[in-house]
Amino acid sequence: MLYSYFRTALRSLLKNKIFSLLNILGLAIGMACCMIIFQYVTYEKSYDKFHENYENLYRVQYNYYKNGQNIFECAAAVPAVGKAMKENFPEVMDYAIAYPTSGIVTYKEKNFREEKIQLATPSWLTMFDWQLVRGDINTVLDGPNKMVLTESAAKKYFGTEDPLGKYIHWSNGWFDNEYLVTGIVKDVPDNSHVKFSMLASHSSLREPSDGASETAWGWYDHNTYVSLAPGTNPEEFDRKFDLYLHEIRGQEFTDRDYRQEFPLQAIVDIHLNSNLLQESEPEENGDAQSVYFLGILAIFILVIAWVNYINLASAKSMERAKEVGVRKVLGAYKNQLVKQFIVESVLVNLLAAAVSLGIVAIVLPYFNNLTNSPLSLALIFNSGTWILIIAVFLSGAFLSGIYPAFVMSSFKPIVVLKGKLTGSGGGAYLRKGLVVFQFLASVFLIAGTLIVYKQLKFLKAQDLGFEMSETLVIKGPSVVPIDSLYNNYVLGFKNESMNLSNIAGFTTSTNVPGNEIYFTRGSKRAEEPESAFKTMYNVAMDYEYIPNYGIHLLAGRNFQKEFRTDTAAVILNLAGAQYLGFTNAEDAIGKKVTHAGIDKEVVGVLDNYNQMSLKDNVSPIIYFPQEINSRFFSLKLQGGNATRAVEEVKNVWQRFFPGNPMDYFFLDSFFNRQYAKEDQFGSVFSIFSGLAIFISCLGLFGLSAFSALQRTKEIGIRKVLGASVPNILLLLSREYIWLIVISVVIGVPLTYWIMDNWLSNFAYRTNIGWVIFAMAAALVFVVALLTVSYQTLRSARANPSNTLRYE
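Residues numbered from 1 in each chain as written. Predicted model: local features only at pLDDT ≥ 70, side-chain atom pairs only at ≥ 80, totals over all residues. Heavy atoms only, no water.

(A) Just the packing of aromatic side chains, in detail. Evaluation of the coordinates by the stated rule reveals 46 aromatic pairs. Here the aromatic residues Tyr-62, Tyr-64, Phe-72, Phe-89, Phe-237, Phe-241, Tyr-244 and Phe-262 are joined through ring pairs into a cluster of three or more. Geometry around Tyr-65 places Arg-259 over its ring, the cationic atom sitting 4.1 Å from the centre. Directly above the ring of Tyr-579 sits Lys-534, whose terminal nitrogen or CZ lies 5.2 Å from the centroid. (Phe/Tyr/Trp six-rings, centres within 6.5 Å; stacked < 30°, edge-to-face > 60°. Lys NZ or Arg CZ within 6 Å of the ring centre and 35° of its normal.)

Here you go:
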């Protein structure tokens, strides 16, 4: 019987080739889009789940409060917190610490700058599943000056040589030692929130104040993780540890009017839901809102494809009425006819699924390039994904086939065979409702895409308050020791660089725009009490920083080398001046502020500029003079030949800092990287929105073709009675125009509400405006009418003598 159903279904598909092609193509594109987005969403949600015990692994977050105000929330905690949790709470099974750093690593003639080195405790390898392939897991990081390499790092430095037992040299200004290679670990999986190429033993860490000691509560550069006993409630643990912290440090909190919190953050939530200090995060995190938005879009696209099938199948039901009547006269039962049409739906969905796999295989590499994802077809073929795909396939086949099946199986033979069957009002209303849904979806997708692009254009077109074009930024050298001779090296490099024809300016600083300021310290007006200290962001800069970056001075002056008193001077940005209680920029000039325990004079106030992206508000910043800084060298280019300028600077660099690869970037690209997630989301959203609209057009094309076919005789009579082609075109299109109007009326406020919520995530945002919705509505009208007009125009221009012979 099943074979008979499939054979009949196949005959029906071959008989109606155009409608079958439209159905299969629409469903295939919908399924392919859904599978690709589903893979992406699954990958984004899979971060850190390769650790066997991931459900019980947590990162210790650090929240700092001053005068009752939350100053920052940081991913890196203080060294003492892990040990305190382990020793005082039995539910903490173990803890691990990793201190992220970088430096120049050398083996024989090979030397590279490594940006992803972690100084880790031995438990880093036992608590997590990093898959040590060589070495003793209990001893490879036990003791100072030991190092574990990833397989890629081992190959880069040692090639085919056995690295174990060999020494490599690592230097970054603070560290300058030989390290014994004690182990090899597999490369870190792509879906890990923390990446590393090398692990050095945490006991190698040295700091003049012993700030790295596991009893220190101040230095917060240490990523700390804990493993909790199964069944432990993390929120309850947070409350217990908070009480413990107040017991041992409460008096200090009260005396100095500050407070620390160390809430736990599940590692599986870090990638998509962690929005802590950017500099403290090991890697750039994802965006849960964008991921879930794309997930909803995938469902949207698939539903649109199913709606197409329902619309076309129910519209075709009138054409297949006689087939149903004959079957019933020959003894077919209703349930047999329902099964027949369900099998037909399954066959269409099955063919579409096969085509969609081919589309996915072709498109996936391009999608990976767009989203910087390592997706592959392997993800589709794992058991969990197959179960979901089969479930979606069967649900789609059943839901898209059940209504047409019941409609067609309900026809009465005597009515059908007498030719008295007319379309049911209920079926027509359902088709119209589904078309309204498709148009509504199109309005939302078009308007949403326009709003996303308008916001991105707005962000990138704003005056940031500084000049970032033609700015080459070099990270300070790692190998040169930071001592009394260091200033001579930097001054020599500066002077030689300024002699180059392509260099117009040179400045050094602790931070550059787009680089999050990590260093904070309390400041207050000198006349205020100790309790008035407010935490502000600190930047050290030389005398050329302000003019080189073109930052506007609202009041006062820049630091000047000739003024010896400027060693006890500071500059504020406008936000900082207002934060300290000054009424305006002029009011702050000449006033004393207490910074780092010393009263300093405010000599200048800068206009607010965007240190970070326009997603964030301007923060209060205090600047102090430092003629030479080791962190960033900013070179202003001229002459329009950036490539030549970089090569010339490299030559100078090697003379002053041999053994240090020059690590540089262009400031505009570096700053705009903050919008990478939004750019990526905009591109992906627009592409899949376009595909969703294309699928809608396929269904609309088929529906309009069938509608025109049903009204062939009516069109012929109207032409004989004098109707013109435009009259007939308007007649056949009028129904769709009203459906579009209804869709726009419903879709505009819905889209406004959703996209206004999305824009609320930005400190600086564009206005949505009525123009966006007018453009979306106009585009929907144009696309819909162009889709409908081909078939309607063809019918309207047909010869009446031929159309009146129809039927």
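On we go.
(B) Seen up close, the pattern of salt bridges. This structure, assessed with the given rule, holds 21 salt bridges. A salt bridge links Glu-91 to Lys-240, with the nearest nitrogen and oxygen atoms 2.6 Å apart. Separated by 149 residues along the polypeptide, Glu-91 in the loop between α3 (80-88) and β4 (92-107) and Lys-240 in helix α6 (residues 234-256) bring together distant segments of the chain. Residue classification places Glu-91 among the buried positions, given a relative accessible area of 14%. Across the pair Glu-115 and Arg-113 runs a salt bridge, and its minimum N-O distance is 2.7 Å. Here Glu-115 falls in the partly exposed class, since its relative accessible area comes to 36%. A residue is classified by how much of its surface remains accessible, and Arg-113, at 18% relative accessible area, is buried. The network of salt bridges with shared partners includes Arg-113, Glu-115, Lys-475 and Asp-663. (Salt bridge = Lys/Arg side-chain N within 4 Å of Asp/Glu carboxyl O. Helix = DSSP H or I, 4+ residues; strand = E, 2+ residues; numbered from the N terminus. Buried < 20%, exposed > 50% of the residue type's maximum accessible area, 1.4 Å probe, protein only.)

(C) Region of interest: the nonpolar core. Membership of the largest hydrophobic core comes to 102 residues, with the highest contact counts inside it found for Phe-466, Tyr-623, Leu-667 and Phe-688. At 14 residues, the largest contribution of residues to this core is made by helix α2 (residues 17-45). Setting aside residues up to four positions removed in sequence, Phe-466 forms contacts with Pro-513, Tyr-549, Gly-550, Ile-551, Tyr-609, Asn-610, Leu-667 and Phe-671. (Core = buried A, V, L, I, M, F, W, Y, C linked by side-chain atoms within 4.5 Å. Contact = heavy atoms within 4.5 Å.)

(D) Main features of the pairing of strand β22 (residues 621-625). Of all 5 residues that make up β22, 5 are buried, and the element is covered over most of its length. Here β22 shows a buried face lined by Ile-621, Tyr-623 and Pro-625 and a second buried face lined by Ile-622 and Phe-624. Judged from the 2 bridges that link them, strand β19 (residues 569-573) and β22 form a sheet pairing that is antiparallel. If you follow Leu-572 over to β22, its bridge partner there is Ile-622. (Pairing = 2+ DSSP bridges.)

(E) Summary view of empty space enclosed by the protein. Overall, the coordinates contain 3 cavities of 30 Å³ or more when judged by the stated rule. In terms of lining, the second largest cavity is formed by 13 residues, of which the most central are Phe-439, Ser-442, Ser-696, Cys-697 and Val-783. At the level of secondary structure, the elements contributing two or more residues to the lining of the second largest cavity comprise α13 (425-461), α20 (676-710) and α23 (769-796). Sort the elements by how many residues they give to the lining of the second largest cavity and α13 lands first, with 5 residues. Of the residues assigned to the lining of the second largest cavity, the class counts are 10 nonpolar, 3 polar and no charged. (1 Å grid on protein atoms, 1.4 Å probe; cavity = no way out; pocket = protein on both sides within 12 Å on 5 of 7 lines; lining within 4 Å. Points joined across faces, edges and corners; volume = space filled by probe spheres on them. Nonpolar A, V, L, I, M, F, W, Y, C, P; charged D, E, K, R; others polar.)

(F) Region of interest: helix α18 (residues 642-656). Between its first and last C-alpha atoms α18 spans 21 Å; for 15 residues at 1.5 Å apiece the expected length is 21 Å, and the two agree. Taken as a whole, α18 has its buried residues at Ala-645, Val-646, Glu-648, Val-649, Val-652 and Trp-653. Each buried residue of α18 lies within a common arc of 165° when the element is viewed along its axis, so the set occupies one face. Opposite the buried face of α18, by more than 90 degrees, sit the exposed residues Thr-643, Asn-651 and Arg-655. Contacts made by the buried residues of α18 are with β14 (471-475), α14 (486-498), β15 (503-509), β23 (632-637) and β24 (664-666). (Expected span 1.5 Å × (residues − 1). Arc of directions from axis to C-beta.)

(G) Highlighting unusual backbone geometry. The backbone phi angle of Lys-108 is positive, close to 55°, even though this residue is not glycine. By the element assignment, Lys-108 lies in the loop between β4 and β5 (110-120). Here Lys-108 falls in the exposed class, since its relative accessible area comes to 59%. Positive phi outside glycine occurs at Asn-145, with the angle close to 60°. Note on placement: Asn-145 falls in the loop between β6 (132-134) and β7 (146-150). The exposure class assigned to Asn-145 is partly exposed, which follows from its relative accessible area of 27%.

(H) Quick peek at the state of the cysteines. Applying the stated rule across the entire model yields 0 disulfides. Here Cys-33 is not disulfide-linked; the sulfur of Cys-34 is the nearest cysteine sulfur, at 8.6 Å. Judged by its relative accessible area of 3%, Cys-33 is buried. (Disulfide = S-S within 2.5 Å.)

(I) A look at the side chain of Glu-648. Here Glu-648 lies in helix α18. Leaving out residues up to four positions away in the same chain, Glu-648 has contacts with Leu-500 and Asn-502.

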